[in-house]
Structures are given as structure tokens and as C-alpha cells.
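Residue strings, one per chain:
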Amino acid sequence: MTDVLDPPIATEHDDHDHEEHHGPTGILKWMTSTDHKVIGMSYTVTAVIMMVIGGALAEVIRAQLTTSNNSLVSFAQYNELFTMHGSVMIYLFVGPFAFGALANIIVPIQIGAPDMAFPRLNALSYWLYLTGSITMLSGFFVAGGAANFGWVAYAPLSNSINTPGAGADLWIGGLLLTGFSAIFTGVNLCATIFYLRAPGMTMFRMPIFTWNLLITAILILLAFPVLTAGLIMLYCDRHFGTHIFSVQGGGVPVLWQHIFWFWGHPEVYILALPFFGMVTEIIAVFSRKPVFGYKGMVFATLSIGALSLGVWAHHMFTTGVVLLPFFSIMSLLIAVPTGIKMFNWIGTMWRGEVWFSTAMLMAVGFLITFLIGGLTGIYLASPPLDFFTHDTYFVVAHFHSIVMALVLGAMGGLYYWGPKITGYLLNETIGKVQFWFLFIGTQVFTLPMYLLGLRGMPRRVATYALHPGWQFLNQVSTVGAILIGISTVAFMVNIVYSWKKYPAGDNPWDAHTLEWFTTSPPPHHNFYRLPQIRSERPTWDYNHPGHTAAEHGHHHEHQGEHHDEVPVA
Amino acid sequence: MRTEAKVLLSLGLFFGVMSVVYWNWGHENAGSVMMFAGMLLCFVPGSYYYWWSRRMRARPEDDPNATQAQGAGVVGAFPGTSIWPFTLGMGAFFVVLALVFGIWFLIPGLGLVVWALFGGTAEGRRGGTH
């Protein structure tokens, strides 16, 4: 059927059957739907499956490292394991979960839009993501095994002589597909946020989550085409006899590193910013306060986005051919807006009525874990320290603190928005058990790796010399990985246990933003009615007419005048 | 429209300044070109939005005092369901498999892509098939 999109308008009575959508169900719905909520749900399920696959690979890696000379897997298998663990987690889980899954579902509803701007392009993004994931993972089933050159595919290790076989080509092909998927999602998010906001939803009234996704989308459009171009060059080097990255033909191997990290560092913020947005929403709602320093948050996010394009070569300090002071200064500068965000999160909680629900616990766990990862990142931005720790477990620990913080944020987002998407709450007790396993597991997992790195243990080795303490620290880290695995099991148990058990209602958290104004789950095209939008938290203003806040936290002189709906014939 | 333009133009300005500073300090080609291209990518849509923001009245979503009724009217016509994204995605999948396993995969791949392009375009013109 053809849907003519009328913007939703407030009516006197909820007329819940005036816009029922009769579409296909089951597998046909999955294949043909252009509804952003259905596509977002497909993204969510696929991304969580990828998380489980990547996590299983990680558990095998940690099992191999429990003793110094273990032979659980061969060296070649170990190379495949850490390559595919990194690739699956970065390319197929965190990224698509950040800007494909929750963003896809929540952003249009937060700004009062009926759908994404390009619904069919949105569906295409999902299909490219799914086929890209299948392509990359099918490397395990071809002769020679999956890609084994590390998730960064440095030249000349990734050329056809050092890494022959179909696994590497499947890796390149899978990345081409998921790369285009990300680019299309970026286009879609930008167009949706620029053109489909509800009346009164000015740019500086958008929820922080939507702001962060806008900047993420711009970063996607800046960064991902560079990766796609680099992958095509790499493929040409491997198969068509070009010499872009090989010294023999006059090429420059370091050019691959420049191209890869020009995508790769913005990618770190493409992964992180959506989760920053999630925890901002969660902390504000569960502290029962508006976001502290709304505009400061927006400008901090914008400057992180801007700076992120000028820091790529801090991954390449030890190549000896990059401009150390420039990249060191730019990397250190990123600590400033990130610090502003950290203080604003604490300021939002400060003197609020903090409710430690599972989502809030996850958000606080995010703050602590991200702080550890962020502070060690400042060490690594300093070239003298980086020369000492480069390619050791210190770096591994640093970025695992960061990405485990993102996992905590993702889980918080699922507990916070899950009821909106499915209509049912998850069990809070099991959720808290999951949180403590995940949070303690993360610290037990990463902190020994910092020590290992400082004691000189190199990354990407299947066996290691029996230096004093190395084996014990590795065993502690493995225990942490097992705790994280248990938390994932707890999450699965929670989904099964809570299946359609606790109906959520429209607004279980007494939340702020527009998505909590509609039903759970929202109807086709999202809204039966919309409130007047007079601040960045319209749903709160509507539900608490005596406690509306004017723009950005200043108390309003004329309370109660902004909560009226517009009656429409 | 004004804020959207400002976001993109200020990002572009920053990338432009950075590419000049980086080129003069580091004399490194790849990064300078990529940052310069980043500036262009921000300036092209940003200047377009700025151009329009000076020529059109504020849209309801740019007006802080807009009522929901001001947004009334048809936004556009979209197909409620569509099989063509799936078809196009599978076509792209086979094209990529052709890069790995053999050129013959291009036959189903390009076939599905072309079919989806025609089907999707026709569907868009009609405003949907179902």
C-alpha cells in the first residue's frame, strides 16, 4: 500500500485505529519492511548476534593465553582469531549497533518524524550490513581460513604474497558492503534530522542523543568513503598488479596506514558519540533533571567531531614519518571537550534524585570505565610514552576500556529504550546481576592488561616468555573475560525470563523526550498526536506543567502555558 | 535552516584551516588532501543550506513558537513495503562475491542490481506497488 505521510497532529482523543498498518508479517515483513522501527530491530538482533560471535572468539583468545606456552590453537588460527575478533566487534557489532540499531529506531521518534527520510535506502543499508557480515564471516569456511592480518590490514602484510587466499578477499568484500551500508545510514540520518523535525523542534531543542547522531552521521560521510577507496586500492594491489602500497613498484606502504587511520580515528568517535548520547539521556532521566549544560554538550560534541579528523597519525607515531607535535597537540586537545562532557554528566547527576535502575547503573559504569580508557588515552597521545607502549598490551587495555565502556552504554540503551521498542520491560534484578558481572568483569579483564603492557608484553602473540608475573596477570584477565561472558548469558536469560511479562506503558521512566510521548511500541509512522514543543524535553513539560523548564535549564516565568495540545478537526 | 548551515560551514572552515596548517608544517600529501576534501564535503551542502536559509521563510521546525498545526500537510508519498532494497542488496552481495570467487558471479549480481534499479524506480514513480 502507499502511505501518504501526513505529519501527526494533536487530537482531542487518541484514535488508535485511524492509521492501522496492514503489512506483511513474519519473514516477508523482515524482507520488505521500510519502517525504521522494523529495520532498526533487524539491526539490533543482527548486531547482538555479532557481539556473541565476537565475544566467543575473544573467550578462545583468552583461553589460549592462560598459560605461557599453551597449544589450544595454532599460531595461524590465533592470527585468524584476533583478526576476526577485532573486525567483528568494530565493523559488525559496535558501529552498526550505534548508528544502525538504536539510532535508527530512536532518532526519528525523538524529533517527531514519521519515518527516516529515505525508508527504502534505510532498508538497503540493512541488507548491505547483513550480507557484508556474512561475507566477512564466511572466511572461516574457505581454504586457508579467515583474514589473519589484524583488523587494520597493514601493507605489505595484507598483499597477495604475504596473505594469499580467499579469506582476506572476503574480509575486503565484507568491509566494502558494510562501508556502503554505513554511508547510506549517514546520509539518511543527516536528511532526517535536517528535514523531518516536528514544528517547534529547533536544532537547539533536539535531544543530545539526536545531536550526537547528527555529528556521527557527518563523521561517517567524511570518513567511510576514504576507507572504501583504500579497500579498492588494496584489492587492486592484490589482484590487478598495481603497486600503490608496495615498495617494489614505487608505492608507499605507509599510505595505507594514512588512509586506514584517516577513517579509523573518526571511526572511534563514530562508535563512541552515539553511546555518549545514550548515557546523556539516561543520566538526565534517572536524575530527574534536565541535561546540565545542554549547549556545552552540543559544542563539546561538535569539537570532538571536528578534532577527530586531525588526529589519525597518533596511531602511527612509531612509523617515524609523521609530524609528531601536530598529532600530539591535536590528540591532547580532544581531552578538553571530552572532559567538558564528563563534568556535564556529573553535573546532571549533582543534587538530582538519582534512581539507580539497571540503565542508570550501566550509564555510571560507562562513566567510570570510559574515564579509565580516556585517561590512558592521554598517555598514549604523548609520543615518548607511545614509543614505549606501542604494540604492547597497554594499548590493548586502553582501547578495551573504551569499547567495554561502549558495551556498558549499549546495554544501558537496551534497558532504557527496550521497553519503548518492544512494549515490555526487562527484569531489573537480573539486569543488576548482569551489570555487576559486566562492570567487575570489565575491570578484572582490562586492568591486568595495563600492567602487562607496562612490563613489555607485546600484543598479537599466541605464546609468551615466562617473565615474572606475566602468566598470573594473563590468568586474572581471563577470569575477567569469563565474568563478561557470564554477564552476556545473564542478558540472554533476562530476555527469555522477561518475555512479554512486564508491560511497560507509554512512559515507564517519566522521561523527557518525544519518543516517550507515543505508545510502546510506537504505531506505524510513530505518532497519533504530538505535544507543543517548547524546550528540549517536551514530554516532561507536558506531564509536569508546573515544572517546565525554559530553554536549557532556566526556570520559566509563565509556568503552565506550554503544555496545551492543539485541538484539530 | 540557518543552524544546519552554520554547523556544516564551521566544520568545513575548521578542516580548511587545519589542512593549510598541516600542509605547511608537515608537507605530507595524503593527509592534507583528505582534510581539504573534508572541507569541500562540508562546504558544498553547507553553502547550499546557507543560500536557501537567506531566501526562504523559517520552516515550522526552525520556529521556536510553531504549533503542531503549522506542520499540517503531506510530507511525501513512500512505499509502505518494498522488496527492491532486498533485491538490490542481494545483487550487491553477488557482485562482491564475484571479486572473490569468480567473475561469473557478476551475471546474477548485475542482473539483480539492474532489475532492482528498474523495479525501484518504477515503484517510486507510482508511489508504491502494494
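Because the structure is predicted, anything quoted here is derived from the model rather than measured. Numbers given to residues run from 1 along each chain, matching the order in which its sequence is written. Each chain takes a letter, starting from A, and each ligand takes a number, starting from 1, following the order in which they are written. With the structure being a predicted model, the display of local features is reserved for residues of pLDDT at least 70 and the display and counting of side-chain atom pairs for 80 or more, all residues being used for whole-chain, interface and lining totals.

### Notes on the overall build of chain A
- Per the secondary structure count, chain A includes 15 helices and three strands.
- We take the radius of gyration over the C-alpha atoms and set the globule estimate at 2.2 Å times the residue count to the 0.38 power. Its C-alpha atoms give chain A a radius of gyration of 24 Å, near enough to 25 Å, the size a compact globule of 569 residues would have.
- Dimensions of chain A, computed from the C-alpha atoms along their principal axes, are close to 75 × 50 × 50 Å.
- Sorting the 569 residues of chain A into buried and exposed places 58% on the buried side.
- Here the contact rule is simple: place C-beta atoms from the backbone, and any two residues whose C-beta atoms are within 7 Å are in contact. Within chain A, contacts between residues separated by at least 24 positions form 81% of all contacts whose residues are at least 6 apart in sequence. Helix and strand assignments come from DSSP, with helices taken as H or I runs of at least 4 residues and strands as E runs of at least 2, each series counted from the N terminus. Any residue with 12 or fewer other C-beta atoms within 10 Å of its own C-beta is exposed, any with 20 or more is buried, and the rest are partly exposed; the C-beta atoms used are placed from the backbone.

### A look at the confidence of the model for chain B
- The pLDDT value tells you how sure the predictor is about a given residue, anywhere from 0 up to 100. For chain B, mean pLDDT is 90; residues scoring 70 or higher make up 95% of the total.
- Across the whole predicted complex the pTM is 0.92, and at the interface the ipTM reaches 0.95.

### Comments concerning the packing of helix α5 (residues 166–195) of chain A against helix α6 (residues 208–239) of chain A
Residues and elements named next belong to chain A.
- Every angle, taken between N-to-C directions, lies between 0 and 180 degrees, and every axis is a line fitted to C-alpha atoms, over only the stretch in contact when it is a helix. Between α5 and α6, the least distance of the axes is 8 Å, while the angle of their chain directions is 150°. Overall, the two elements α5 and α6 adopt an arrangement that is roughly antiparallel. Relative to α6, α5 is oriented so that their crossing is left-handed.
- Here the term charged refers only to Asp, Glu, Lys and Arg, the term nonpolar to Ala, Val, Leu, Ile, Met, Phe, Trp, Tyr, Cys and Pro, and the term polar to all other amino acids, Gly among them. By residue class, the composition of the contact of α5 with α6 is 21 nonpolar, four polar and no charged. For classification purposes, angles smaller than 35 degrees are called roughly parallel, those larger than 145 roughly antiparallel, those between 65 and 115 roughly perpendicular, and all remaining angles oblique. Less than a right angle of anticlockwise turn of the near helix away from the far helix marks a crossing as left-handed, whereas a clockwise turn marks it as right-handed.

### Looking at the interface of chain A and chain B
- At the junction of the two partners, chain A supplies 59 residues and chain B supplies 53 residues.
- Looking at the side of chain A that touches chain B, the elements with two or more residues in it are β1 (2–5), α1 (26–32), α4 (119–137), α5, α6, α7 (253–286) and α8 (294–308) of chain A.
- The greatest single-element share of the side of chain A that touches chain B, amounting to eight residues, is contributed by α4 of chain A.
- Across the side of chain A that touches chain B, the residue classes break down as 40 nonpolar, 14 polar and five charged.

### As for the nonpolar core
- Ranked by size, the top nonpolar core spans 195 residues in total, and within it Ile282 and Leu406 of chain A carry the most contacts.
- For this core, the element with the highest residue contribution is α7 of chain A, accounting for 21 residues.
- Residue ranges for the domains originate in an automatic or database domain assignment. The residues that make up this core include at least three from each of domain 1 (2–61) and domain 2 (84–126) of chain B.
- If near-sequence neighbours (up to four positions away) are discounted, Ile282 of chain A is found in contact with Ala359, Met360, Ala363, Gly412 and Tyr416 of chain A.
- Defined on buried residues, the nonpolar core groups Ala, Val, Leu, Ile, Met, Phe, Trp, Tyr and Cys residues joined through C-beta atoms within 7 Å. Formed by 13 residues, the second largest nonpolar core is a distinct cluster that contains Leu380, Tyr393, Val396 and Tyr450 of chain A.

### Focus: the confidence of the model for chain A
Residue and element names in this part refer to chain A.
- In this model, chain A carries a mean pLDDT of 91, and residues with pLDDT of at least 70 account for 92%.
- Element-level mean pLDDT values for chain A span from 43 in β1 up to 97 in helix α13 (residues 428–454).
- Taken as a whole, residues 1–19 scores under 50 in pLDDT and shows 52 contacts with residues more than four places along the chain or in a different chain.

### A word on the domain arrangement of chain B
- Assigned domains within chain B: domain 1 (2–61) and domain 2 (84–126).
- Its C-alpha centre places domain 1 of chain B at a distance of 35 Å from the equivalent point of domain 2 of chain B.

### What to know about the environment of Gly89 of chain B
- Relative to the assigned elements, Gly89 of chain B resides in helix α3 (residues 84–101).
- Distance from Gly89 of chain B to Glu4 of chain B, taken between C-alpha atoms, is 31 Å for residues 85 residues apart in sequence.
- Setting aside its immediate chain neighbours within four residues, Gly89 of chain B contacts Leu124, Trp127, Leu128 and Thr131 of chain A.

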